[in-house]
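Results of the structural survey
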Amino acid sequence: MAFGRVLGLDPSAAAAQIAKSIFGAREVAVAAPNLLEGFAAGTRVRTPAGLRRIETLKPGDLVETQEAGPQPVVAVERTRLPALRLQAPIRFAAGAHGAERPVLVAPQQRVLVRDPVLELLFGEAEVLVAARTLVDGEMVSRHPGGMVDYVRLVFDCAHMVFAEGLAVECFRPGPRPIPGEAAPEAGAPRMLRLQESQMMRKLVI
């Protein structure tokens, strides 16, 4: 059961209470869970001109995508937050799910996972999973403390991009599809429900 539901609050309200207890009565920025997507500033993404730090990109710049080659960025969104447990970044060590060096992503950022076992479990060779559900305490871990700057790339539709070698789904405009319930865009990997992600982690990771 989600933390916010246990308290009878929405998760963002629960996060606000935690932030207040840690940082005092002063105003603290807390993001709604569906906004906790993107990459920590400093993350390098693959572009036709080579690797670029995500915070240096601007609308119109081209970014390499897995399925459609170079695509222009529509917008770059930034959010600065205290790295509390509900919104602390998730750290992928080098070698975790294709990461070529350590990389920090937001908890709800969807990561592409590939494994032969997935074909047997879900009928798909690769699936999208929220980063927070991949935490194993070793290769993938929470990274709390201080402040974090999340940067999100917006395209005109969903694309898979590469952040330090990690294949991830880019942010896209409009409502997020519900994992397992909304039909994915043509050719897009399946998004797993929480229960499916937990089952996958036991068998694949």
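What counts and what doesn't
Residues numbered from 1 in each chain as written. Predicted model: local features only at pLDDT ≥ 70, side-chain atom pairs only at ≥ 80, totals over all residues. Heavy atoms only, no water. Helix = DSSP H or I, 4+ residues; strand = E, 2+ residues; numbered from the N terminus. Buried < 20%, exposed > 50% of the residue type's maximum accessible area, 1.4 Å probe, protein only. Contact = heavy atoms within 4.5 Å. Areas by Shrake-Rupley, 256 points an atom, 1.4 Å probe, with all protein chains shown as cover. Salt bridge = Lys/Arg side-chain N within 4 Å of Asp/Glu carboxyl O. Polar contact = N/O pair within 3.5 Å; in protein donor to acceptor, adjacent residues only side chain to side chain. Core = buried A, V, L, I, M, F, W, Y, C linked by side-chain atoms within 4.5 Å. Phe/Tyr/Trp six-rings, centres within 6.5 Å; stacked < 30°, edge-to-face > 60°. Lys NZ or Arg CZ within 6 Å of the ring centre and 35° of its normal. pLDDT = per-residue confidence, 0-100. Pairing = 2+ DSSP bridges.

Let's shift gears to the overall build of the protein chain. Within the protein chain, the regular secondary structure consists of four helices and 15 strands. Residue burial in the protein chain is summarised as follows: out of 205 residues, 42% are buried. Across the protein chain, the fraction of contacts at a sequence separation of at least 24, relative to all contacts at a separation of at least 6, is 60%. When the accessible surface of the protein chain is split by element, carbon and sulfur atoms take 54% of a total near 10200 Å².

This part covers the environment of L128. For L128, the position within the fold is in strand β10 (residues 126-130). For the pair L128 and L112, spaced 16 residues apart in sequence, the C-alpha to C-alpha distance is 4.7 Å.

What follows concerns the pattern of salt bridges. Side chains that carry opposite charge are capable of pairing whenever their charged atoms lie near each other. Summed over all chains, the structure comprises eight salt bridges. For R52, the salt bridge is made with D61, and the minimal N-O distance between the two is 3.4 Å. For R52, a relative accessible area of 27% corresponds to the partly exposed category. By relative accessible area, D61 is classed as buried at 13%. For E77, the salt bridge goes to R152, with nearest N and O atoms at 3.3 Å.

Note on placement: Q109 falls in the loop between β8 (103-105) and β9 (110-114). Q109 sits 23 residues away from R132 along the chain, and the two C-alpha atoms are 8.1 Å apart. Residue contacts for Q109: discarding those within four places in its chain leaves L36, E37, G38, F39, V129, A130, A131, V168 and E169. Within polar-contact distance, the side chain of Q109 engages the backbone oxygen of E169 at 2.5 Å.

We now examine the environment of G145. Within the secondary structure layout, G145 lies in the loop between β11 (140-142) and β12 (147-154). With 61 residues separating them in the primary sequence, G145 and L84 have C-alpha atoms 6.8 Å apart.

Attention now moves to the side chain of R152. Along the chain, the position of R152 falls in strand β12. In terms of polar contacts, R152 uses its side chain to reach the side chain of T79, at 3.2 Å.

Moving on, we get to the nonpolar core. The biggest cluster of nonpolar side chains holds 29 residues, and the ones touching the most others in it are F92, V105, L153 and L166. Of all the secondary-structure elements, those providing two or more residues to this core are β7 (90-92), β8, β9, β10, β12, β13 (160-163) and β14 (166-169). Formed by eight residues, the second largest nonpolar core is a distinct cluster that contains L81, A83, V148 and Y150.

What follows deals with the packing of aromatic side chains. Applying the stated criterion to the full structure yields zero aromatic pairs. The positively charged end of R46 is found above the aromatic ring belonging to F162, 4.2 Å away from the centroid.

In low-pLDDT regions, the fine details of the predicted coordinates are not to be read closely. Averaged over all residues, the pLDDT of the protein chain equals 76, while 62% of them reach at least 70. At the low end of the mean pLDDT range in the protein chain sits helix α1 (residues 3-7), at 31; at the high end sits strand β2 (residues 44-47), at 98. Across residues 177-184 the pLDDT falls below 50, and counting only partners more than four positions away or on other chains, this stretch makes twelve contacts in the model.

For the rest of this paragraph, the subject is the pairing of β9. The buried count for β9 comes to four of five residues, which makes it a mostly enclosed element. Two elements, β9 and β10, share five bridges in a ladder whose sense is antiparallel. Within the sheet, the bridge partner assigned to R114 lies in β10 and is E126.

It is worth spelling out unusual backbone geometry at this point. For H97, which is not glycine, the phi torsion reads 55° and is therefore positive. Here H97 shows up in the loop between β7 and β8. Residue E164 is not a glycine yet carries a positive backbone phi of 55°. Of note, E164 is situated in the loop between β13 and β14.

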